[in-house]
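# Remarks on the overall topology
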Amino acid sequence: MHEAPPTPSPISPAALAEPLSHGLKQRHLTMLGLGGVIGAGLFVGSGAGIAVAGPAIVVSYLIAGALAMLVMRMLGEMSAAMPASGSFSVHAERALGRWAGFSVGWLYWFLLVVVLAVEATAAAQIAHGWVPGVEPWAWVLLFMVVFTVANLTAVKNFGEFEFWFASLKVGAIVVFLVLGGLAVFGLLPDTDPVGMTNLTGEGGFLPNGWSGVVSGVLTVVFAFGGLEVVTIAAAETDDPARAVGRAVRSAVVRILFFYVGSMLVIVTVLPWTAQQAGLSPYVKVLDAIGVPSAGQIMNIVVFVALLSALNANLYGSSRMIFSLAERGEAPRGLLKVSGGGEGSSGQPGGVPRRAVLASVAFGFVSVLLNLLWPDTVFLYMLNSVGAVLLFVWTLIAASQLRLRARLEQEAPDALALRMWWFPYLTWVTLAGLLGVLLLMLTDDAARPQVLWSAGAAALVLLVAVGREWRERRARRDPSALTDR
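As the structure is a prediction and not an experimental result, all values here were calculated from the model. Residue indices begin from 1 for each chain and proceed along its sequence in written order. Totals for whole chains, interfaces and linings use every residue, but because this is a predicted model, local features are given only for residues with pLDDT of at least 70 and side-chain atom pairs only at 80 or more, for both listing and counting. The side-chain numbers reported here are obtained from all heavy atoms of the structure, hydrogens and water having been left aside.

## A short note on the overall build of the protein chain
- In this text, helices come from DSSP runs of H or I with a minimum length of four residues, and strands from runs of E with a minimum of two, each type numbered from the N-terminal end. Counting secondary structure elements, the protein chain contains 20 helices and zero strands.
- Each radius of gyration is computed over the set of C-alpha atoms, and the globule rule expresses the reference value as 2.2 Å times the number of residues to the power 0.38. Its C-alpha atoms give the protein chain a radius of gyration of 23 Å, near enough to 23 Å, the size a compact globule of 484 residues would have.
- If you line up the protein chain on its principal axes, its C-alpha atoms span 80 × 55 × 45 Å.
- Counting the 484 residues in the protein chain, one finds 55% classified as buried.
- Contacts are residue-level and defined by heavy atoms, with any inter-residue pair within 4.5 Å sufficient. Looking at the protein chain alone, contacts between residues at least 24 apart form 79% of all its contacts between residues at least 6 apart.
- Areas reported as accessible are Shrake-Rupley estimates using a 1.4 Å probe. Residue values count occlusion only from the protein chains shown. Carbon and sulfur atoms form 67% of the exposed surface of the protein chain, whose accessible area is close to 19700 Å². Partly exposed residues are those whose accessible area sits between 20% and 50% of the maximum for their type, while under 20% is buried and over 50% is exposed, using a 1.4 Å probe and protein chains only.

Here's what the structure looks like:
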């Protein structure tokens, strides 16, 4: 066991000020919150959830969405009080110690740069289908270059990309909900009212029982990953505390509406047995109600969703590693920003270009591994981050438990956004997250992800504890390091 961390310094939002630009607007942050989590996991991956849970997938999404909403409320509380580009990594360090900030920061960075490869490769496959003459690797290279350039320039370019990407995704879901709702009531040409037939037929609302609902939760919970980027981006707005509060309040409820509403429309319009894993249930519904070229329309939406996620993950990973460098947990060379300032100096700056390049460099390595060895080397990497999101959410909840009491004592005015029914809902959330992890261990398909992710977390934690041990030794005996 490592020693208790030194007594933390008093909480001061101003002390976390960084030399990053403040080019993001409230509209950027709001749409990032709405669209950042709406991706291929919803448009395509939801078919797998319906296949195991039936119409009760609506309940699965409600449970998973409630967990995500509670985590975001906790994260929003801490980020509004102490905005920082490192977000939950900074909070974990202040609440639990340097080992926690180091571990969660590096694990999240690794998660983003590995998933980035999946998104780039999937988007390239769609583009290759449209233009077969261009090989997928060329499309991957094009996407990576375009978004690297966008992230190396002013942060407002990232914000604009995400604003329009998110607008298209949100618009597509709104149109889908309207058309699906009209189809349910038989208000579209050549359609009859569907009623509740598909919700109660084919085995009933719970065709696979509550075990199907639980399996559905395990399938869909990761689709809510991505909301965390909102609190990372908030640090680059003119008024971070106000911006993150508004973004979190608007995003969580609307995202629940989009996800749960979509699933309700899908399982009401068509029998759940018509869906299958790997195929978009949205396409099935649009085909059924007579929307021409439904498949191509959804291909475009999924393509945009993948590029949006790629862009957001590159942004989030660069800011996370920049924050780690600020706190001495990553190479200090990554602190250079485009305005000439450095994180440690407090001089005016802009974009952490070296942090962007470091993230995209590992992203290129991940893409190469995905193209060359998708079923071996890259599969192991993907499994090693499979459960990291749940680890991150668990540390967010643990950090909020510790920081809330300190905030109420040292900076009560900073609590512009408060977690509901604290601390009871925080403990319920922690129990829920641990329950999901335990259920994944009992699932043959999910077990490797938990075990590999636990191994990756243990390795990072070992490095963090080793660093603290060396630093304590150096404080006791300054010659210890110079003698090595």
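## Observations regarding the environment of S103
- By the element assignment, S103 lies in helix α6 (residues 98-130).
- Between the C-alpha atom of S103 and that of F322, which follows or precedes it by 219 residues, the distance is 15 Å.
- In this view, S103 contacts V460, L461 and A464; residues no more than four positions away in its chain are not counted.

## Things to note about the packing of aromatic side chains
- For Phe, Tyr and Trp, rings pair up if their centres lie within 6.5 Å, where Trp contributes its six-membered ring, and each pair is then called stacked (planes under 30 degrees apart), edge-to-face (over 60) or tilted (otherwise). Taken as a whole, this structure holds 20 aromatic pairs when the rule is applied.
- With 6.4 Å between their ring centres and 55° between their planes, F102 and W106 make a pair best called tilted. On the criterion of helical spacing, the pair formed by F102 and W106 is a turn pair, its members being four residues apart in helix α6.
- What links up through ring pairs into an aromatic cluster is the set F102, W106, W109, F110 and F362.
- Taking the ring centre of F163 as reference, the NZ or CZ of R27 above it sits at 4.7 Å. Counted as over-ring charges are cases with an Arg CZ or a Lys NZ within 6 Å of the ring centre that also lie within 35 degrees of the ring normal.

## A short note on the pattern of salt bridges
- Any carboxyl oxygen of Asp or Glu that lies within 4 Å of a side-chain nitrogen of Lys or Arg is treated as forming a salt bridge with it. The tally for this structure, following the rule as stated, stands at 10 salt bridges.
- The salt bridge partner of E410 is R406, with a shortest N-O separation of 3.6 Å. With E410 and R406 both in helix α17 (residues 388-410), this residue pair falls four residues apart, about one helical turn.
- Overlapping salt bridges, with partners in common, bring together E77, R404, E408 and R418 in one network.

## Comments concerning helix α16 (residues 377-384)
- Buried residues of α16: F378, M381, N383 and S384, and no others.
- At its buried positions, α16 is contacted by α6, α15 (353-372), α17 and α19 (447-476).

## Structural notes on unusual backbone geometry
- Of the consecutive residues F422 and P423, the connecting peptide bond is found in the cis state with omega at 5°.
- Note on placement: P423 falls in the loop between α17 and α18 (424-442).
- Notably, E202 is not glycine yet its phi reads approximately 55°, a positive angle.
- Mapped onto the elements of the fold, E202 is located in the loop between α9 (197-200) and α10 (209-220).

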